[in-house]
Amino acid sequence: MAATGFVFHRTRTGSTLGVQYDQEGQLIQVESREDEDQSVKLAEILELLLVAGYFRARIKGLSPFDKVVGGMTWCITTCNFDIDVDLLFQENSTIGQKISLTEKIVSVLPKMKCPHRLEPHQIQGLDFIHIFPVIQWLVKRAIETREEMGDYVRAFSISQFQKSHTFPEDKELLQKKDKAVKAVLDVLEVYKPERKYRRQRDAGLHLDEESRVHSTLLEYGRRYGFSKRCKQNKEDEGKISMSEAVPDAIAEVLEEDNLQAAEEMQIKTLMTSMAAMASGEGKLTASAVGQIVELQSEEIKLIATEYAEKLELSSEERSERYGPMQQQRRAVFSLNKQIQQKVEQLEELKVKHAEVKACNEEAKRSLLEATEHSVKLESEMKSLEEIEEQADSGLMETLRALVMMNENLKQQEQQFRTHCKEEMARLQQNIEEINSASGQDTEEEERSQLIDQQHNLDRERLQKIRLLMARRNREVAILQRKIDEVPSRAELTQYQKRFIELYSQVSATHKETKQFFTLYNTLDDKKLYLEKEVNLLNSIHDNFQQAMSSAAAKDQFLRQMEQIVEGIKQSRIKMEKKKQENKMRRDQLNDEYLELLDKQRLYFKTVKDFKEECRKNEMLLSKLRAKGAS
């Protein structure tokens, strides 16, 4: 942009002139004196911002105002405080834009409880001596906030990681836990309570509940009576009355002996109704199971029938003992059992009948197919006989003769082949007998056989060498194509430059388009709200005279105005909410942008190191070639 004014102008020594523009776009000359303290403080501020992570302060093309204001804005947003700053921030702003920006920054500092006071003109005038303590406090606060958020994000990431992944230590702990649980279960299985006594049937009918509990414990070998509970009660009472412990000691001992004797008597009475259990009672051993499995099915059936007969005999014998009512019950039971057996036999017969019926249907289908096939063959034979009757008899005789001749020739050929095989076997046997009878070969035959063997070996060797050479040629061609497919370093560098240029163009176009979209949307929203405001003012102006004519109309007008104000407040709340969402999205994008900048710096550093190592490699290779040539 061409600036209007003098090209040559004088300046005082020790001062610099900065080119700035006012709100109307006019060129203004601002004179600022150089101060060593100010420059030292500026360097310290930039160093603090770089330590905090604001690497935009490293750009040399930016003015000190842009660096300082950008760093303060970045620190405030990092501390999770909102600041009303234009998202499309541009460098070299006008004076009005700078004043509004500094006023917004200064208005946020008291909300953050900053202990240092700062005025907008100090930021605009680049008073770094007063700006430095504020920057120092903001950087400290930003680092603390980042540490807090880092701990929160780290804890959240660990929880998310643990949902779908585990460490080797956790796996080992789970394996040890499974083993420990298995060991505990094995121990419980080994040391589970065993029943030693069995209470007789009519022994526990006249016992109270407590005696039944003790008898159940005695069945499993546990002797737990009244004495323990009595001791606990005595201990509790002794804590209350410690002063009477000495005179009551003898009475306690006597009472304890009496209780123990009573307990022993009760245990003896309960044990009289117990019967000792055998060691293998109630358990089915492995040998018994093996004997049952080894029995054949026929023997099992025979044993079952014998058992049924014995059961019937025993029922008949019992019928003599018992009355007619018991006999009737047993007869009904036996009849029901016979009915059940007959029903089972009927079900088996039904299943067999269904199988036989299915086999019968299958045989019928096969018979039907065979009859159909025979009918078809008969019809074909009839058709052939009709054709034969209609055809020439001489031709038919000729065909029959040819067919007979063909069959005879086939039979002769078969006989000739068998004769040739027999003759060949006989001749080979004769040759072997002659060779064995002679016992030696001539020298010429041996030489010819050796020559043939050597010739065959040489031919096989030549064929193998040709195959190996063809395989090597194919491998060389494949490697040559792969080498040609790999681009050289110069080509890669050229590709990289072209991609960088294309990315720069696309990024610039995208940024410009995005700015235009944002500007258009802002102006469109502004136009919409202005139109609403104009329409509202016009409606108020048109209805004002009519509303002031009467008290009722006036009240109605006031109510409508209140409704309008309420609607405006609701719209304002919605816009504030939208504004808050946009700010949160801006903060998120800013954090992502900083992460990408870190990755970009790491990439550039890695590329630089890689180029340096490549240069060293080329130098070493050249030295090695020179030594090899010498």
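When you line up the elements, T145 lands in helix 5 (residues 128-164). Accessibility expressed as a relative area gives 9% for T145, which makes it buried. Here T145 is in contact with T78, C79 and N80, once residues within four sequence places are set aside.

What follows is about a nonpolar patch on the surface. A cluster of nonpolar residues, L395, L399, L402, M405 and L409, forms a patch on the protein surface that exposes about 480 Å² of accessible area. Secondary-structure assignment places M405 in helix 13 (residues 393-438). Among the residues examined, M405 registers a relative accessible area of 48% and is labelled partly exposed.

Side-chain pairs of opposite charge can arise where the charged atoms are in close proximity. Counted according to the given criterion, the structure contains twelve salt bridges. In this structure, E397 and R400 form a salt bridge, with 3.5 Å as the shortest nitrogen-oxygen distance. Highlighted residues: E397 and R400, both in helix 13, separated by three residues, approximately one helical turn. Judged by its relative accessible area of 38%, R400 is partly exposed. Its salt-bridge partner being K605, residue D609 comes within 3.4 Å of it at the nearest N-O pair. Taken together, the residues span about one helical turn, with D609 and K605 both in helix 16 (residues 551-629) at a distance of four residues. Overall, D609 belongs to the partly exposed group, its relative accessible area being 39%.

What follows is about the packing of aromatic side chains. In this structure the tally under the stated criterion is two aromatic pairs. Ring centres of F544 and F557 lie 6.2 Å apart, and the angle between their planes is 75°; this geometry places the pair in the edge-to-face category. Highlighted residues: F544 in helix 15 (residues 489-547) and F557 in helix 16, separated in sequence by 13 residues. According to the relative accessible area criterion, F544 is partly exposed, its value standing at 38%. Note on F557: relative accessible area 9%, which makes it buried. Positioned above the aromatic ring of F132 is the side chain of K41, whose terminal nitrogen or guanidinium carbon lies 4.4 Å from the ring centre.

Right, let's talk about helix 7 (residues 209-219) for a bit. Given 3.6 residues per turn, any residue in an α-helix points the same way as the ones three and four places further on. Within the sequence span of helix 7, burial applies to S211, H214, S215, L218 and E219. Looking down the long axis of helix 7, one finds its buried residues gathered within 150° of arc, a one-sided arrangement.

Looking now at unusual backbone geometry. The backbone of K113 shows a phi angle near 60°, a positive value even though the residue is not glycine. Assignment of secondary structure puts K113 in the loop between helix 3 (95-108) and helix 4 (120-124).

With that settled, consider the confidence of the model for the protein chain. Averaged over the protein chain, the pLDDT score is 76; the fraction of residues at 70 or greater is 76%. When the elements of the protein chain are averaged for pLDDT, strand 1 (residues 15-21) gives the smallest value, 42, and helix 16 the largest, 90. Predicted confidence is poor over residues 226-231, with pLDDT under 50, and the contacts of this stretch with residues over four places away or in other chains come to eight contacts. Throughout residues 280-290 the model reports pLDDT below 50, and contacts reaching past four residues in sequence, or to other chains, amount to two contacts.

A separate point is the environment of S211. With respect to the helices and strands, S211 occurs in helix 7. Look at S211 and you get buried, because its relative accessible area is 11%. Taking the C-alpha atoms as reference points, S211 and Q266, 55 residues apart in sequence, are found 8.7 Å from one another. What S211 contacts, discounting residues up to four positions off in sequence, is Q266 and L270.

Our focus in this paragraph is the nonpolar core. Counting residues in each nonpolar core, the largest one holds 34 residues, and the members touching the most others are I45, L49, V68, M72, I131, I135 and L138. Residue assignment for this core shows that the elements contributing at least two residues are helix 1 (36-52), helix 2 (64-78), helix 3 and helix 5. In terms of residue count, the dominant contributor to this core is helix 5 (nine residues). With residues near it in sequence (within four places) discarded, I131 still touches I45, V68, M72, L118, Q122, I123 and L126.

This part is about a negative patch on the surface. Together, E443, E444, E445 and E446 line one region of the surface with negative charge. Assignment of secondary structure puts E445 in helix 14 (residues 443-485). We classify E445 as partly exposed; its relative accessible area is 41%.

Running from amino to carboxyl end, helix 1 crosses helix 2 at an angle of 40°, the nearest separation of the two axes being 11 Å. What the angle tells us is that helix 1 and helix 2 run oblique. Considering only the axes of helix 1 and helix 2, their crossing is left-handed. Here L42, I45, L46, L49 and A52 of helix 1 come into contact with helix 2, specifically with P64, K67, V68, G71, W74 and C75.

Cut-offs used in this document
Residues numbered from 1 in each chain as written. Predicted model: local features only at pLDDT ≥ 70, side-chain atom pairs only at ≥ 80, totals over all residues. Heavy atoms only, no water. Helix = DSSP H or I, 4+ residues; strand = E, 2+ residues; numbered from the N terminus. Buried < 20%, exposed > 50% of the residue type's maximum accessible area, 1.4 Å probe, protein only. Contact = heavy atoms within 4.5 Å. Patch = residues over 30% accessible without salt bridge, like charges linked within 9 Å, V, L, I, M, F, W, Y side chains within 5 Å. Areas by Shrake-Rupley, 256 points an atom, 1.4 Å probe, with all protein chains shown as cover. Salt bridge = Lys/Arg side-chain N within 4 Å of Asp/Glu carboxyl O. Phe/Tyr/Trp six-rings, centres within 6.5 Å; stacked < 30°, edge-to-face > 60°. Lys NZ or Arg CZ within 6 Å of the ring centre and 35° of its normal. Arc of directions from axis to C-beta. pLDDT = per-residue confidence, 0-100. Core = buried A, V, L, I, M, F, W, Y, C linked by side-chain atoms within 4.5 Å. Lys, Arg positive; Asp, Glu negative; His and termini not counted. Charge placed at Lys NZ, Arg CZ, Asp CG, Glu CD. Axes fitted to C-alpha atoms, helices over the stretch in contact; angles between N-to-C directions. Parallel < 35°, antiparallel > 145°, perpendicular 65-115°, else oblique. Left-handed = near helix turned anticlockwise from the far one by under 90°.

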